Structures are given as structure tokens and as C-alpha cells.
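Topology and contacts: notes
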Amino acid sequence: MQRQIGRRLEEEHGGVVAEGRDQGSVVFPDAQFKFYLDASAPVRAQRRYDELTAAGHPADLAKILESIVLRDGRDQSRRVAPLIKPAGAVEIDTSDVGIEQVIERMRQHVEGRR
């Protein structure tokens, strides 16, 4: 279904940007540009903790980290659409950079390949 939507968006709008753990490896393996964004589990846990507390929700950093580690393990070891770096993807470690820097790296890569 996602591939059909992607084809329609390609035809109608000239392309699609998709985000998700299996988009470049399973859903759109032939995408022109693929990026694999990653950050360490402790960094992702801290980011989630900060989001929750900023929104006024109670949060436990240790439990969030445990949940992230468990999810990563499940996703990497599942039989169908395991979490992997897709072939041809540019890997960007976002642990120590902000969203603006990530976008700039992606933009530079795309412009450099056109």
C-alpha cells in the first residue's frame, strides 16, 4: 500500500519523502536518496525524556532507555523487515548534532548527486 501511495505521489508531485524504520530497506528499496539516521540509545532516551517532561508528562529516564534498547533489539532481529541500514543509504549519526545540521548534511548530499 505504501509503495502504491509513493508511486502516485511520484506521478502527481514528482516525488515523496518517507520516514520510518523500513522505508529505505523494504518499502522503497530503489529510492534515489536514502538516509539512515541514528543516535546512541542514551541520547535518544534523553531526547524522549525531554519531550515528555516539556509536555508536562511524568517520565523515567531509565525506563525510557530500557524501552528503546528492547525495541531496537526486537526490530533488528525480527524476521520480516528487520531494522538495517539500507543498501546505498548515507548514514548520519545524530547523537551530537541538531536537526538543522542533519538537514544540511542531507541537502549537501542530494545537491552533490544531482
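Please refer to the structure higher up on the page.
Residues numbered from 1 in each chain as written. Predicted model: local features only at pLDDT ≥ 70, side-chain atom pairs only at ≥ 80, totals over all residues. Heavy atoms only, no water.

**Quick look at the nonpolar core**
For soluble globular proteins, the rule of thumb is that nonpolar side chains tend to be buried together. Core analysis: the largest hydrophobic core is formed by five residues, namely Ala41, Ala45, Leu52, Ile64 and Ile68. Of all elements in the fold, only helix H3 (41–54) and helix H4 (61–77) reach the threshold of two or more residues within this core. A per-element tally of this core places H3 first, with three residues. For Ile68, the contacting residues outside a window of four places in its chain are Ala41, Arg44 and Ala45. (Core = buried A, V, L, I, M, F, W, Y, C linked by side-chain atoms within 4.5 Å. Buried < 20%, exposed > 50% of the residue type's maximum accessible area, 1.4 Å probe, protein only. Helix = DSSP H or I, 4+ residues; strand = E, 2+ residues; numbered from the N terminus. Contact = heavy atoms within 4.5 Å.)

**Thoughts on unusual backbone geometry**
One non-glycine residue with positive phi stands out, namely Ala81, at about 50 degrees. In this fold, Ala81 is placed in the loop between H4 and strand S2 (90–93).

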